[in-house]
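Understanding the architecture of this molecule
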Amino acid sequence: MKRWTTKREHQIYSSKLFQALCRSRRTSSSTSAKELHQTADRVLAITAKGTTRWSRAILAAPLTAGTNMKKHKKAKVTVHTRLRKPVVNREKRKLPVVERKLRALRRLVPGCRKLSCNNLLEETSDYIAALEMQVRAMTAITEFLSRGEAQVPTDRLGSIGNM
Amino acid sequence: MSSRRSRSRQSGASRITDDQIIDLVSKLQQLIPELRGRRPDKVSASKVLQETCNYIRSLHREVDGLSDRLSQLLASTDTDSDQAAIIRSLLM
């Protein structure tokens, strides 16, 4: 978990992300916010180096224009559960608040729908730390780009005559 | 540790024990900025889980907003000429 908090990791991620964004800009005329978010997530997952489930799940998911969640909605067939009273209804009755929220959490962390409690803890804490770093890095890139608009580029390169 | 609320009566059928949930919840609490300072027994398990979900969702939304902003900035900025300079600044 420590790795998401180091300055080095932040630098690596933000520069990698920026390069990836510049590359995608060159290949397609415009980058939608959704594609950008997807790129940011993929670079984040790559930075995890395959050590966590959530990162592997992000990289395994296909690149879609829409949301990836549509694939996993098979649990929402509520009509049948009413017919199978003895089996499924019992499950529903024994799902108190905590279990329901646990399930919600599992849905939020990529690739963790069937995960046990202990592993879920590890994945969640790593995922949250990674997301926080993602926010910091993207904010930093945004700042640099915004500054680039206001200033003349040569200022940054430290040309002579600069105050 | 006895369960404070009789949560899963069918402990045989449930795959998750109360202890596991309590353990998960107390550790999660430390990750959520809102709940970090509070005493573990003062915050209910469902609240911690709810706050965790809320926090992750808010982080997702934040990244959404940043993606939006970034896509606008990238469209309007000529990044090619500045690219080396920006990367240098990011790595400093």
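Residue positions within a chain follow its written sequence, with the count starting from 1. Here chains are named by letter from A upward and ligands by number from 1 upward, in the order in which they appear as written. Where local features are concerned, this predicted model is filtered to residues with pLDDT of at least 70; where side-chain atom pairs are given and counted, the filter is 80 or more; whole-chain, interface and lining totals use all residues. Calculated side-chain values reflect all of the structure's heavy atoms, with hydrogen atoms and water omitted.

Focus on the overall build of chain B
Keep this limit in mind: Where helices and strands are cited, they refer to DSSP runs of H or I of at least four residues and of E of at least two residues respectively, numbered from the N terminus. Relative accessibility thresholds used throughout: buried, under 20% of the residue-type maximum; exposed, over 50%; partly exposed, between the two (1.4 Å probe, protein chains only). Two residues form a contact once any of their heavy atoms are found within 4.5 Å. Where accessible areas are quoted, they stem from the Shrake-Rupley method and a 1.4 Å probe; at the residue level, only the protein chains shown are allowed to cover.
Counting its secondary structure elements, chain B contains three helices and zero strands. Here chain B, with 92 residues, has 41% of them falling under the buried criterion. The long-range share in chain B, meaning contacts at least 24 apart out of those at least 6 apart in sequence, stands at 15%. Of the roughly 5,300 Å² that chain B leaves accessible, carbon and sulfur atoms contribute 47%.

Focus: the overall build of chain A
Scanning chain A from N- to C-terminus turns up eight helices and zero strands. Moving toward the C terminus, one meets the helices and strands of chain A in the order α-α-α-α-α-α-α-α. Split into buried and exposed, the 163 residues of chain A put 40% on the buried side. Entry remark: accessible area of chain A is about 9,800 Å², with carbon and sulfur atoms responsible for 56%.

A few points about the interface of chain B and chain A
In many reports, interface size means the accessible area that the parts give up when they come together. Here is the rule we go by: Two parts placed together each lose some accessible area; with a 1.4 Å probe, that loss summed over both constitutes the buried area. Here, a salt bridge means any side-chain nitrogen of Lys or Arg that lies within 4 Å of a carboxyl oxygen of Asp or Glu.
Contact residues are listed per partner, giving 50 residues for chain B and 52 residues for chain A. Around 5,000 Å² of area is buried between chain B and chain A when both sides are counted, 72% of it from carbon and sulfur atoms. It is B:L70, B:L74 and B:L90 in chain B that bury the most area against chain A; as a group they hold 13% of the surface buried on that side. Between the two partners, chain B and chain A, sit zero salt bridges.

Examining the packing of helix α1 (residues 7-27) of chain A against helix α2 (residues 33-47) of chain A
Residues and elements named next belong to chain A. In plain terms, the rule: Fitting a line to C-alpha atoms yields each axis, with helices limited to the stretch in contact; the angle taken between N-to-C directions then spans 0 to 180 degrees. Geometric relationships in this document are graded by angle, where less than 35 degrees denotes roughly parallel, more than 145 denotes roughly antiparallel, 65 to 115 denotes roughly perpendicular, and other angles denote oblique. Crossing chirality is assigned from the near helix's rotation relative to the far helix, an anticlockwise turn below a right angle marking it left-handed and a clockwise turn marking it right-handed. Gly is placed with the polar residues, together with every amino acid not listed as nonpolar (Ala, Val, Leu, Ile, Met, Phe, Trp, Tyr, Cys and Pro) or charged (Asp, Glu, Lys and Arg).
Contact geometry of α1 with α2 gives a least axis separation of 10 Å together with a crossing angle of 135 degrees. The angle between the axes of α1 and α2 places the two elements in the oblique class. The interaxial crossing formed by α1 with α2 has right-handed handedness. Two secondary-structure elements touch here, α1 through E9, Y13, K16, L17, A20 and L21 and α2 through L36, T39, A40, V43, L44 and T47. Residue classes in the contact of α1 with α2 are distributed as eight nonpolar, two polar and two charged.

Considerations on the pattern of salt bridges
Residues and elements named next belong to chain A. Enumeration over the complete set of coordinates arrives at three salt bridges over all chains. The partner of D126 in a salt bridge is R3, with the nearest N and O atoms 3.4 Å apart. Within this pair, whereas D126 is found in helix α7 (residues 117-150), its partner R3 is found in the segment before α1, the two being separated by 123 residues in sequence. The class of D126 is buried, set by a relative accessible area of 4%.

Describing the confidence of the model for chain A
To keep things clear, this is the line we draw: The quantity called pLDDT is the predictor's confidence in a given residue, expressed from 0 to 100.
Summarising the model, chain A shows a mean pLDDT of 77, and 69% of its residues fall at 70 or more. Residue range residues 152-163 of chain A is modelled with pLDDT below 50. Its contacts to residues more than four positions away, or to other chains, number 10 contacts.

A word on the side chain of A:T124
Locating A:T124 in the fold gives a position in helix α7. In contact with A:T124, other than residues within four places in its own chain, are A:L105, A:V109, B:L28, B:T52 and B:I56.

Some words on helix α6 (residues 97-108) of chain A
Operational definition: Between the first and last residue of a helix there are one fewer steps than residues, each counted as 1.5 Å, and that sum is the expected span.
Taking 1.5 Å of rise per residue, 12 residues should cover 16 Å, and α6(A) covers 17 Å from first to last C-alpha, within 8% of that figure. Listing the buried residues of α6(A) in full gives A:V98, A:E99, A:K101, A:L102, A:A104, A:L105, A:R106 and A:L108.

A short note on the state of the cysteines
One covalent bond between the sulfur atoms of two cysteine residues makes up a disulfide. Note the threshold: Cysteine sulfur atoms are paired as a disulfide whenever they come within 2.5 Å of each other.
Considering all chains together, one arrives at zero disulfides over all chains under this definition. We note that A:C117 lacks a disulfide partner, and the nearest cysteine sulfur, in A:C112, lies 12 Å from it. Between B:C53, a cysteine without a disulfide, and A:C112, which holds the nearest cysteine sulfur, the sulfur-to-sulfur distance is 12 Å. Judged by relative accessible area, which is 2%, B:C53 ranks as buried.

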